Amino acid sequence: MKSDDKSIGQKIWIGSAVAALVAAFGIFMLMLHLEKQTLSGFEKEAVYVAEKKIPKGLQITEKNYQEYLTLTELDKEQVPPTAIRFWEQVADHAVKEDIDTGVFVSTGMFESYQEILAEMEEPVIAGFKADDLYQVAGGVLRAGDRIHIYTVSEDGRAGLVWESVYVEQVFDGAGNAIAVDNNTSPAQRVNVYLDAADVEYFYTELARGALRVVKVCD
């Protein structure tokens, strides 16, 4: 074989080898991409679910969140944007409605006290005894409930004064706080949020025996 022919043969062989390497690398990258796409469909993300029934009005705190919330893994593609990934997202938030065991919790199920008090210029907590108001919704009020407060004029006409007042906490006759999941103990004392400017009128009408309470039904 002539030297020129030999040189050409070597070049062809080198070119073929390089082409084979490039093709192999391309196939490797393609397989790697396909594998990544396949595995991405199984990527997991930890989100919180209700460990047990979470009653309406419960405030989530560092002390109780592990009792009511537990982490579980879900396919990342199935996790909605509103899912709770860190308990701090709902720290010091109150539960809007009862949440059943095993339900994936989301931000829309909770409300912060900043939201509750947003429309008040100077929010304060006002307390009253159940027997100061007619019936007080039969004593079944619990933290997180909303109430309408009416005043009755001397001629017997009732008028709405405060709408959707938030019940901050209720207590039994001994002054012990009643848990939101306690469905038996009657509320003897009730704390509600009011604007500071309304407190004087509230207690004046309370002393006059003119206030009535209606619980807002969900």
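As shown above, the structure is provided for reference.
Residues numbered from 1 in each chain as written. Predicted model: local features only at pLDDT ≥ 70, side-chain atom pairs only at ≥ 80, totals over all residues. Heavy atoms only, no water.

Novice: Can you walk me through the overall build of the protein in this structure?
Specialist: The helix and strand tally for the protein stands at 4 helices and 9 strands. The secondary structure elements of the protein, listed N-terminal to C-terminal, are α-β-α-β-β-β-α-β-β-β-β-α-β. Split into buried and exposed, the 218 residues of the protein put 32% on the buried side. Residue pairs at least 24 apart in sequence account for 65% of intrachain contacts in the protein once pairs closer than 6 positions are excluded. Total accessible area computed for the protein in this model is approximately 13,800 Å², and 54% of it derives from carbon and sulfur atoms. (Helix = DSSP H or I, 4+ residues; strand = E, 2+ residues; numbered from the N terminus. Buried < 20%, exposed > 50% of the residue type's maximum accessible area, 1.4 Å probe, protein only. Contact = heavy atoms within 4.5 Å. Areas by Shrake-Rupley, 256 points an atom, 1.4 Å probe, with all protein chains shown as cover.)

Novice: I'm lost on the pattern of salt bridges in this one. Help?
Specialist: Overall, the coordinates contain 10 salt bridges when judged by the stated rule. When the shortest N-O distance is used, the salt bridge between Lys44 and Asp75 registers 2.5 Å. Here Lys44, found in strand 1 (residues 44-50), pairs with Asp75, found in strand 2 (residues 69-75); they are 31 residues apart in sequence, far enough to count as distant. Classification of Lys44 as partly exposed rests on a relative accessible area of 45%. (Salt bridge = Lys/Arg side-chain N within 4 Å of Asp/Glu carboxyl O.)

Novice: Quick question: what am I supposed to make of the nonpolar core here?
Specialist: The tendency in soluble globular proteins is for nonpolar side chains to be buried side by side. Of all hydrophobic cores here, the largest spans 18 residues; its most connected members are Ile147, Ile149, Val190, Val192 and Phe202. Those elements giving two or more residues to this core turn out to be strand 5 (123-129), strand 6 (146-152), strand 7 (158-171), strand 8 (189-195), helix 4 (196-208) and strand 9 (211-215). The element best represented in this core is strand 7, accounting for 4 residues. Grouped together as the second largest cluster of nonpolar side chains are 17 residues, Tyr48, Tyr65, Val95 and Phe110 included. (Core = buried A, V, L, I, M, F, W, Y, C linked by side-chain atoms within 4.5 Å.)

Novice: Sorry if this is basic, but what is going on with helix 4 here?
Specialist: In an α-helix, one turn spans 3.6 residues; hence positions three or four apart end up facing the same way. Every buried residue of helix 4 is accounted for by Val199, Phe202, Glu205 and Leu206. Along the axis of helix 4, the buried positions cluster into a sector of 145°, meaning they face one direction only. Facing away from the buried side of helix 4 by more than 90 degrees, the exposed set consists of Ala197, Glu200 and Ala207. Where helix 4 is buried, its residues touch strand 5, strand 6, strand 7, strand 8 and strand 9. The first or second residue beyond helix 4 is Gly209, which carries a positive phi of 75°. (Arc of directions from axis to C-beta.)

Novice: How do you make sense of the packing of aromatic side chains when you look at a structure like this?
Specialist: Here a ring pair, both rings aromatic, is described through the centre-centre distance and the interplanar angle of the planes. The tally for this structure, following the rule as stated, stands at 8 aromatic pairs. Centre to centre, the rings of Trp162 and Phe202 are 5.7 Å apart; their planes meet at 65°, and the pair counts as edge-to-face. One end of the pair, Trp162, is in strand 7; the other, Phe202, is in helix 4, and 40 residues separate them in sequence. Phe202 shares its class with Trp162; the two are buried. Here the aromatic rings of Phe202 and Tyr203 are separated by 5.1 Å at their centres, their planes lie at 75°, and the arrangement is edge-to-face. A relative accessible area of 0% means that Phe202 is categorised as buried. Overall, Tyr203 belongs to the partly exposed group, its relative accessible area being 34%. (Phe/Tyr/Trp six-rings, centres within 6.5 Å; stacked < 30°, edge-to-face > 60°.)

Novice: Where do I start with the environment of Ala83 in this structure?
Specialist: Mapping Ala83 onto the fold places it in the loop between strand 2 and strand 3 (93-95). In this structure Ala83 comes out as buried when scored by relative accessible area, which is 6%. As a C-alpha pair, Ala83 and Thr107 span 24 residues in sequence and 6.6 Å in three-dimensional space. Beyond its immediate chain neighbours, meaning those up to four positions away, Ala83 contacts Val47, Gln89, Val105 and Ser106.

Novice: Sorry, what's going on with the side chain of His148 here?
Specialist: Mapped onto the elements, His148 comes out in strand 6. A polar side-chain atom of His148 sits 3.0 Å from the main-chain amide nitrogen of Ser164. (Polar contact = N/O pair within 3.5 Å; in protein donor to acceptor, adjacent residues only side chain to side chain.)

Novice: I keep staring at the sheet that holds strand 7 and nothing clicks. Help me out?
Specialist: By way of backbone hydrogen bonds, the strands of a sheet pair with one another, either parallel or antiparallel. Read across the sheet, 5 strands follow the order 5-8-7-6-9 without closing on themselves; strand pairing throughout is antiparallel. Only two strands of the sheet have a single partner each, and these edge strands are strand 5 and strand 9. Strand-to-strand, the axes of this sheet are offset by a mean angle of 40°, without reference to chain direction. Across 4 bridges, the pairing between strand 7 and strand 8 is antiparallel. (Pairing = 2+ DSSP bridges. Axes fitted to C-alpha atoms, helices over the stretch in contact; angles between N-to-C directions.)

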